[in-house]
Amino acid sequence: MTRPTSATSSADAPLVSVRDLTKHYGGGRGFLGASKFAVKAIDGISFDIAPGETLGLVGESGSGKSTTGRVVLQLESPTGGDVLFRGQSLVGLSPRQLKPFRREMQVVFQDPYAALNPRMTVGDFVAEPLIVHKLAKGSERADRTAELFRRVGLDPAFMKRYPHEFSGGQRQRVNIARAVAMEPSFIVADEPITALDVSIQAQIVNLFQDLQESLGIAYLFVAHDLSMVRYLCHRVAVMLRGRIVEMAPTEAIFTDARHPYTRALLSAIPVPDPDIEANRRHLAYDVDANPPAPDAALREVGPDHFLLA
Ligand SMILES: Nc1ncnc2c1ncn2[C@@H]1O[C@H](COP(=O)(O)OP(=O)(O)OP(=O)(O)O)[C@@H](O)[C@H]1O
Ligand SMILES: [Mg+2]
């Protein structure tokens, strides 16, 4: 149930490179010039994603995962550091300069209903990027939209329906169809299965995997827990308080975790065997007592295995 580790960071030139990225909220001068406390949502992180690779991003609530996704996509500007796409820096580009990159970089969010427009048929919603980017019109657009529906496992006969007529899993398929309409090479998937029934989650994960195999899409896959990550991701980065504390090929994370926080996350994954589950020890990690040290840096402790120390 584990993925082959064919796509690794060193095999190809990176598609996405993140360098010393920071994103601070607030701060600056407040009332009567008093300095305000800044939230360091991202506090100096670096990673690469190869073409066709999935990098999992896991960590507790508030660790900076979603902020990382938004800044990588340039939906927000970083406070410092750089984001490169095919070697070109995206930071500081104008909306017009970003437009060709916007086609290649898409996003799928956690709540499939919030992303949809309730007053738009799902067919129009999926086709909208084709209109905005002038990619197809008339019957060609309708054919292309029907093809996208089939590709994500939806009957094209549903194209004329509205979002409220669909289940959560079907709505997420609609969002995924819209994201792949632009034939992107990179998708940020921010907890795309968290809001779905457990019985549906594996189907959507399989869909992401099928699309990767057929279209060569790279993913930054944000997740709370590690169980689906093991199945889908080639490598995993573990975030804590805006820092990456460990990053390694998926198997190394699961069999050779070095950071106590990674071990604590792993110990929280339920085991299907009730006898083992009943006797299992859940490891705790007190972040307030052991926050990442400001001067710590990622060091290689094994092949492609990095630990903040
Ligand atoms: N627009 C904002 N303004 C101020 N603070 C923000 C903003 N967005 C995020 N933050 C703060 O930045 C930190 C990181 O938030 P982020 O949403 O990236 O975490 P997350 O890892 O995605 O959490 P979750 O698992 O709950 O989705 C949090 O402390 C959050 O409160
Ligand atoms: Mg989030």
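Residues numbered from 1 in each chain as written. Chains lettered and ligands numbered in written order. Predicted model: local features only at pLDDT ≥ 70, side-chain atom pairs only at ≥ 80, totals over all residues. Heavy atoms only, no water.

### Re the overall build of the protein chain
Here is the rule we go by: A run of H or I in DSSP becomes a helix once it reaches four residues, and a run of E becomes a strand once it reaches two; helices and strands are each numbered from the N terminus. The quantity called the radius of gyration is restricted to C-alpha atoms. Its globule counterpart is 2.2 Å times the number of residues to the power 0.38. With a 1.4 Å probe rolled over the protein chains alone, any residue whose accessible area is under 20% of its type maximum counts as buried; one over 50% counts as exposed, and the rest are partly exposed. Contacts are assigned to residue pairs that have any heavy atoms within 4.5 Å of one another. Computed with a 1.4 Å probe, the accessible areas rest on the Shrake-Rupley method; for each residue, only the protein chains presented here act as cover. Positive charge is attributed to Lys and Arg, negative charge to Asp and Glu, and no charge count is given to His or to the chain ends. A single reference atom marks each charge: NZ on Lys, CZ on Arg, CG on Asp, CD on Glu.
From N to C terminus, the protein chain includes 11 helices and 12 strands. Against the globule reference of 19 Å for 309 residues, the protein chain gives a C-alpha radius of gyration of 20 Å, in line with a compact fold. The dimensions of the protein chain, computed from C-alpha atoms along their principal axes, are 60 × 60 × 40 Å. Every one of the 309 residues in the protein chain was classed for burial, and the buried ones make up 48%. Looking at the protein chain alone, contacts between residues at least 24 apart form 67% of all its contacts between residues at least 6 apart. Split by element, the accessible area of the protein chain, about 14,900 Å² in all, is 52% carbon and sulfur. On the protein chain, the mean spot of the 34 positive side-chain charges and the mean spot of the 35 negative ones are 7 Å from each other.

### Points about unusual backbone geometry
Here the phi dihedral of Gln 74 falls at roughly 60°; this positive angle occurs in a residue that is not glycine. Positionally, Gln 74 belongs in the loop between helix 1 (65-72) and strand 4 (80-85). Even without being glycine, Glu 191 reaches a positive phi, approximately 50°. Relative to the helices and strands, Glu 191 is located in the loop between strand 7 (186-190) and helix 7 (198-215).

### Regarding the layout of surface pockets
Rules: The rule is simple: put a 1 Å grid over the protein atoms alone, call a set of points where a 1.4 Å probe fits but cannot get out a cavity, call an open set with protein on both sides within 12 Å along at least five of seven lines a pocket, and count a residue as lining if it has an atom within 4 Å of a point. Grid points are joined across faces, edges and corners, and a volume is the space filled by probe spheres set on the points. Polarity classes work like this: nonpolar for Ala, Val, Leu, Ile, Met, Phe, Trp, Tyr, Cys and Pro, charged for Asp, Glu, Lys and Arg, and polar for all others, with Gly in that last group.
Within this model, the largest pocket holds a volume of roughly 450 Å³. Surrounding the largest pocket, 18 residues form its lining, Arg 102, Met 105, Gln 106, Val 107 and Arg 178 being those nearest its centre. Of all the secondary structure elements, the ones that give two or more residues to the lining of the largest pocket are strand 6 (105-108), helix 4 (122-132) and helix 6 (168-180). Residue composition of the lining of the largest pocket, grouped by class: 12 nonpolar, 3 polar and 3 charged.

### Some points on the packing of aromatic side chains
Operational definition: Only the six-membered ring of Trp is used, alongside the rings of Phe and Tyr, when aromatic pairs are assigned; centres must lie within 6.5 Å, and planes under 30 degrees apart are stacked while those over 60 apart are edge-to-face, with the rest tilted.
Evaluation of the coordinates by the stated rule reveals 5 aromatic pairs. A ring pair is formed by Phe 85 and Phe 101, whose centres lie 6.0 Å apart and whose planes are at 85°; its orientation type is edge-to-face. One end of the pair, Phe 85, is in strand 4; the other, Phe 101, is in helix 2 (residues 95-104), and 16 residues separate them in sequence. As far as the burial class goes, Phe 85 and Phe 101 line up, both buried. Within the aromatic cluster, the residues linked to one another by ring pairs are Phe 208, Tyr 219 and Phe 221.

### Re the nonpolar core
One broad trend across soluble globular proteins is that nonpolar side chains are buried collectively. As a reminder, the rule being used: Only buried residues count toward a nonpolar core. Its members are Ala, Val, Leu, Ile, Met, Phe, Trp, Tyr and Cys residues joined through side-chain atoms within 4.5 Å.
In this structure, Val 58, Ile 176, Phe 208, Leu 226, Val 236 and Val 238 are the most contacted members of the largest nonpolar core, which totals 56 residues. Excluding residues within four positions of it along the chain, Ile 176 makes contact with Val 108, Val 152, Ile 204, Leu 207, Phe 208 and Leu 211.

### What to know about the site of ligand 1
In plain terms, the rule: Near residues are defined by distance, with any heavy atom within 4 Å of the molecule or strand qualifying the residue. Each polar contact in these results corresponds to two N or O atoms within 3.5 Å; when the atoms are within protein, one needs to be able to donate a hydrogen and the other to accept it, and residues that are neighboring in sequence are counted only if both atoms are side-chain atoms.
Taken together, 14 residues form the shell around ligand 1, and within it Ser 61, Gly 62, Lys 65, Ser 66 and Thr 67 come nearest. Note that an oxygen atom of ligand 1 is positioned 3.2 Å from one of the backbone N or O atoms of Ser 63. The separation between an oxygen atom of ligand 1 and a polar main-chain atom of Gly 64 is 3.0 Å. For ligand 1, the protein covers 61% of the area, taking 640 Å² as the surface of the free molecule. Elements supplying a minimum of two residues to the shell around ligand 1: strand 2 (38-49) and helix 1.

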